[in-house]
Amino acid sequence: MAKKRQKKRTQNYKKHLGQIPGALVYTGQKEDTKLHLHAFDYTVDDVHEKDLSNIEEAFVFKDTQSVTWINLNGLNNINEIETIGSYYQLHPLLLEDIVNTSQRPKIDEYKSYIFIVLKMMYYDDNETIISEQVSFVLGKNYVLTFQEAEGDVFENVRDRIRHKKGRIRNEGSDYLLYALIDAIVDHYYAIIETMGNKIEDLEDDLFNGISQEEISHQIQDLKREVLKVRRAIFPLREIIGRIEKDPNNLIDEQTTHFFRDVYDHIIQVTENLDIYREMIWSLMDMYMTTISNKMNEVMKVLTIIATIFIPLTFIAGIYGMNFVNMPELQYKYGYYVVWAVMILIFLAMLYYFKRKKWL
């Protein structure tokens, strides 16, 4: 499994070798994803939702007074991404970062738009973490989002837009950006809650003496999950802190208060991740201690058995010698006496070990 992950990373790096800056090279694994474009265009009183059949249909929403959210699924569709980038005058290096799915979460500010890269994470039905890069472009009255494939955590935001829930339809594109980022951070909460339940279950199993080999694999999987979420959430603190502290004409001062709330949530998630990381290390120590204790129990039983048989072997060895002059060999009941002595020694040693609580 580790070799497969290493092979994928190596393939991703090779795709960038020798490429000129700004060249669009998709580095993900979902190369057969069909392009899917979805648009929301809304004001306080009205909303239009539409699945777009081609990229040109997205251009009618530009420079309107309404707020527009255009979502693109399928980063392998390089030509369409170049087209939308050209129309919205996005920098070539920005487009390169969009299709580079191994990008570290970051924020870049340009003259007329802001570019943000985040990692969207959620559990699937098998409780496996799905991690996907999401890129945001915030401009005046519009937000562009770029996703690798279908499936995201934004359905609640869509529902709020459709049914005019909360204040989202009353605010601008900066508030829409906040709502989308907040949805991602909220799912980090769901992830760490599930992690906490997994850790508690493993603790209970270990305390109850259940220490099959698969538990060590579960602990390792949990450790990888924590590191994956940690790599995604730590840079996010820097991103939100920059939005909050550095004024920008695209983000209203009132909206920065909402980003401050997101920052607080990120701090809480980070603290929980640090706690869970320590707990996972403790689980591994507990598992190793359990294995060691079981081994000690086995060695103790084997040692007691060997100790019991030492005097019995000694007696059997004495009377197993082939000397002619051994008076006890001529005794009529000698065999039975030896057996009786050996049984008495066996019982006496068992009683002694029992009193010492070695058994």
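Refer to the structure presented above.
Reading guide: rules and limits
- Residues numbered from 1 in each chain as written.
- Predicted model: local features only at pLDDT ≥ 70, side-chain atom pairs only at ≥ 80, totals over all residues.
- Heavy atoms only, no water.
- Salt bridge = Lys/Arg side-chain N within 4 Å of Asp/Glu carboxyl O.
- Buried < 20%, exposed > 50% of the residue type's maximum accessible area, 1.4 Å probe, protein only.
- Phe/Tyr/Trp six-rings, centres within 6.5 Å; stacked < 30°, edge-to-face > 60°.
- Lys NZ or Arg CZ within 6 Å of the ring centre and 35° of its normal.
- Helix = DSSP H or I, 4+ residues; strand = E, 2+ residues; numbered from the N terminus.
- Pairing = 2+ DSSP bridges.

A. Structural context of the pattern of salt bridges. Evaluation of the coordinates by the stated rule reveals 15 salt bridges. Note that Glu57 is salt-bridged to Lys50, the shortest N-O span being 3.2 Å. Linking Asp108 and Lys106 is a salt bridge whose minimum nitrogen-to-oxygen distance equals 3.2 Å. A relative accessible area of 22% means that Asp108 is categorised as partly exposed. A single network of salt bridges, built from pairs that share partners, joins Glu49, Asp152, Glu155, Arg158 and Arg162.

B. The packing of aromatic side chains, seen in detail. Tallied over the full model, the rule gives 14 aromatic pairs. These aromatic residues form a ring-pair network of at least three members: Phe40, Trp69, Phe136 and Phe154. Taking NZ or CZ as reference, Arg230 lies 4.2 Å from the ring centre of Phe234, over its face. Its guanidinium or amino end placed over the ring of Phe234, Arg237 lies 4.5 Å from that ring's centre, counting from NZ or CZ.

C. How the structure looks around the pairing of strand β5 (residues 113–123). Among the 11 residues of β5, 11 are classified as buried, and the element is accordingly described as predominantly covered. Burial of the side chains of β5 extends over both faces: Tyr113, Phe115, Val117, Lys119, Met121 and Tyr123 are buried on one face and Ile114, Ile116, Leu118, Met120 and Tyr122 on the other. One ladder, built from 4 bridges, connects strand β4 (residues 106–109) with β5; its direction is antiparallel. Across the sheet, the residue bridging to Ile107 is Ile116, located in β5. Relative to strand β6 (residues 129–139), β5 runs antiparallel, the two sharing 11 bridges. Each bridged residue has a counterpart across the sheet, and for Val117 the counterpart in β6 is Ser135.

Keep in mind these numbers describe shape, not what the thing actually does.
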